[in-house]
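This is what each chain is made of:
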Amino acid sequence: MPRLKTVIVAASAYLIAFVFLFPYVVMLLTSLRAQDSLRDVTFWPDEWVWSNLTNFWTSGLAGNLWVTIKVAAGSTILVLLVALPAAYYSARHRFRGRTAFLILVLITQMFQPTAMLVGIYREFFQFGLVDSVWSLILVNGGFNLAFAVWILNAYFASIPRELEEAAFIDGNGRFGALFRITLPLAMPGVITALIFTFIAAWNEFVVALTLTTTPENQPLTVALNSFIGQYQVDWQNLFAGSVIATIPVIILFALIERKVVGGLTAGSIK
């Protein structure tokens, strides 16, 4: 028989999971309702309208989904290219100003894009990058860089130096030891930085709304806003698009969930 403490913990976990997942269930069910049944008090739709989901691909939003994929993937690649060497060097070398550098990186995480929208827009306008996918990639990469550096710094620091020294003895240089020994061991931390950067860029709305003007250059988060009118909200199509936008992130997180947990706990056990 399970102990009472185990039962309580399991019941609490299921309750918390239900609270967080219930809005997504409601969103899915609403996306399958007919227009005239949106205000029905019944939980299950009387009529399942699957065309709400298929209409997504004929409404032009598939192009906006592709823009979102490019922005999220580009921002993630940019963050990893910058954060990996910065985190590795700060974890392996005690250089002068190292603590100040890490604190400065942490401080940048405190800035919110909404507080800097005017400056961001003016800067990209001067460079002719307004209404461009590249502007969204740069902004999302910049605002997610600090988190990636801290996560990777903690993971690199948790890997014993002796492993790299053994690789040096075997004839590997610094880069050989990094790519053959350290980086494979740090992969959970890399995956953690990857998934959090990807999700943050995927869900970003305010900066994308400010920097993009033409519908075909807008990511899906902004394009879905077109279903919200001044006097009416097209709920079933809005939720149908939201469901489709959520599925790729859920699949990605489910595939690498174990490595994400390992990356978040890096450095907690010595």
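Residues numbered from 1 in each chain as written. Predicted model: local features only at pLDDT ≥ 70, side-chain atom pairs only at ≥ 80, totals over all residues. Heavy atoms only, no water.

### Focus on the overall build of the protein chain
Consideration 1: The helix and strand inventory of the protein chain stands at 13 helices and zero strands.
Consideration 2: The order of helices and strands in the protein chain, counted from the N terminus, is α-α-α-α-α-α-α-α-α-α-α-α-α.
Consideration 3: Across its three principal directions, the C-alpha atoms of the protein chain cover 70 × 70 × 30 Å.
Consideration 4: Expressed as a percentage of the 270 residues in the protein chain, the buried residues total 39%.
Consideration 5: A separation threshold of at least 6 residues defines the contact pool for the protein chain, and within that pool the share at least 24 residues apart is 71%.
Consideration 6: Of the roughly 16,400 Å² of accessible surface on the protein chain, a fraction of 69% belongs to carbon and sulfur atoms. (Helix = DSSP H or I, 4+ residues; strand = E, 2+ residues; numbered from the N terminus. Buried < 20%, exposed > 50% of the residue type's maximum accessible area, 1.4 Å probe, protein only. Contact = heavy atoms within 4.5 Å. Areas by Shrake-Rupley, 256 points an atom, 1.4 Å probe, with all protein chains shown as cover.)

### What about the environment of Ala-87?
Consideration 1: Mapped onto the elements, Ala-87 comes out in helix 3 (residues 61-92).
Consideration 2: When the C-alpha atoms of Ala-87 and Arg-98 are compared, they prove to be 11 Å apart, with 11 residues separating the residues in sequence.
Consideration 3: Contact partners of Ala-87, with chain neighbours within four places excluded, come to Val-149, Leu-152, Asn-153 and Phe-156.

### Focus on helix 12 (residues 235-255)
Consideration 1: Its 21 residues place the ends of helix 12 30 Å apart at the C-alpha level, agreeing with the 30 Å of an ideal helix rising 1.5 Å per residue.
Consideration 2: Here helix 12 has its buried residues at Gln-236, Asn-237, Leu-238, Phe-239, Ala-240, Gly-241, Ser-242, Val-243, Ile-244, Ala-245 and Val-249.
Consideration 3: In this structure, the buried side of helix 12 is in contact with helix 1 (4-31), helix 2 (51-58), helix 9 (187-203) and helix 11 (220-223). (Expected span 1.5 Å × (residues − 1).)

### Comments concerning the domain arrangement of the protein chain
Consideration 1: Taken domain by domain, the protein chain holds domain 1 (1-48) and domain 2 (53-267).
Consideration 2: When each unit is reduced to the centre of its C-alpha atoms, the spacing between domain 1 and domain 2 is 30 Å.
Consideration 3: Facing nine residues of domain 1, the contacting portion of domain 2 comprises 10 residues.
Consideration 4: Buried surface at the junction of domain 1 and domain 2, both sides included, amounts to about 770 Å², of which 72% is carbon and sulfur.
Consideration 5: Three residues, Met-27, Ser-31 and Gln-35, lead the burial of domain 1 against domain 2; their summed loss comes to 57% of the area buried on that side. (Domains from an automatic or database assignment. Buried area = accessible area lost by both parts, 1.4 Å probe.)

### Topic: the packing of aromatic side chains
For any two aromatic rings, the description comes down to two numbers: the centre-to-centre distance and the angle of the planes.
Consideration 1: Inspection of every chain in the model, using the stated rule, returns seven aromatic pairs.
Consideration 2: Measuring from centroid to centroid gives 6.2 Å for Trp-48 and Trp-50, while their planes differ by 15°, and the two rings are stacked.
Consideration 3: A relative accessible area of 54% means that Trp-50 is categorised as exposed.
Consideration 4: Aromatic side chains Tyr-121 and Phe-125 sit 6.2 Å apart centroid to centroid with 20° between the ring planes, which places their arrangement in the stacked category. (Phe/Tyr/Trp six-rings, centres within 6.5 Å; stacked < 30°, edge-to-face > 60°.)

### Let's talk about the nonpolar core
Consideration 1: In terms of nonpolar packing, the biggest core is built from 19 residues, with Ala-83, Leu-152 and Phe-156 touching the most fellow members.
Consideration 2: Elements supplying a minimum of two residues to this core: helix 3, helix 6 (133-158), helix 8 (174-185) and helix 9.
Consideration 3: Apart from residues lying up to four places away in sequence, Phe-156 is in contact with Leu-84, Ala-87, Tyr-88, Ala-91, Arg-92, Thr-182, Leu-183 and Ala-186.
Consideration 4: Within the second largest apolar cluster, 18 residues are counted, among which are Met-27, Leu-61, Ala-223 and Val-243. (Core = buried A, V, L, I, M, F, W, Y, C linked by side-chain atoms within 4.5 Å.)

### Describing unusual backbone geometry
Consideration 1: Its identity as a non-glycine residue notwithstanding, Asp-131 has a phi of 65°, on the positive side.
Consideration 2: Assignment of secondary structure puts Asp-131 in the loop between helix 5 (117-126) and helix 6.
Consideration 3: Since its relative accessible area comes to 18%, Asp-131 is described here as buried.

### Quick look at the UniProt feature "transmembrane region" (unreviewed entry) in the protein chain
Consideration 1: Taken from the UniProt record, the annotation "transmembrane region" (unreviewed entry) applies to residues 7-29, 65-89, 101-121, 133-156, 177-202 and 238-256.
Consideration 2: Taken end to end, residues 101-121 comprises 71% helix and 0% strand; its first and last C-alpha atoms sit 27 Å apart.
Consideration 3: Secondary structure over residues 133-156 splits into 100% helix and 0% strand, and the C-alpha atoms at its two ends are 32 Å apart. (UniProt positions renumbered as here; feature names shortened; annotations may be inferred.)

### What about helix 6?
Consideration 1: With 26 residues, helix 6 should reach 38 Å at 1.5 Å per residue; the first-to-last C-alpha distance of 36 Å fits that figure.
Consideration 2: A maximum bend of about 40° is found in helix 6 at Asn-144.
Consideration 3: One side-chain oxygen at the N-terminal end of helix 6 lies 3.1 Å from the backbone nitrogen of Trp-134; it belongs to Ser-132. (Bend = angle between axes of the 7 residues up to and from the residue. Polar contact = N/O pair within 3.5 Å; in protein donor to acceptor, adjacent residues only side chain to side chain.)

### Some details on a negative patch on the surface
Consideration 1: A cluster of acidic residues, Asp-36, Asp-40, Asp-46 and Glu-47, forms a negative patch at the surface.
Consideration 2: Note on placement: Glu-47 falls in the loop between helix 1 and helix 2. (Patch = residues over 30% accessible without salt bridge, like charges linked within 9 Å, V, L, I, M, F, W, Y side chains within 5 Å. Salt bridge = Lys/Arg side-chain N within 4 Å of Asp/Glu carboxyl O. Lys, Arg positive; Asp, Glu negative; His and termini not counted. Charge placed at Lys NZ, Arg CZ, Asp CG, Glu CD.)

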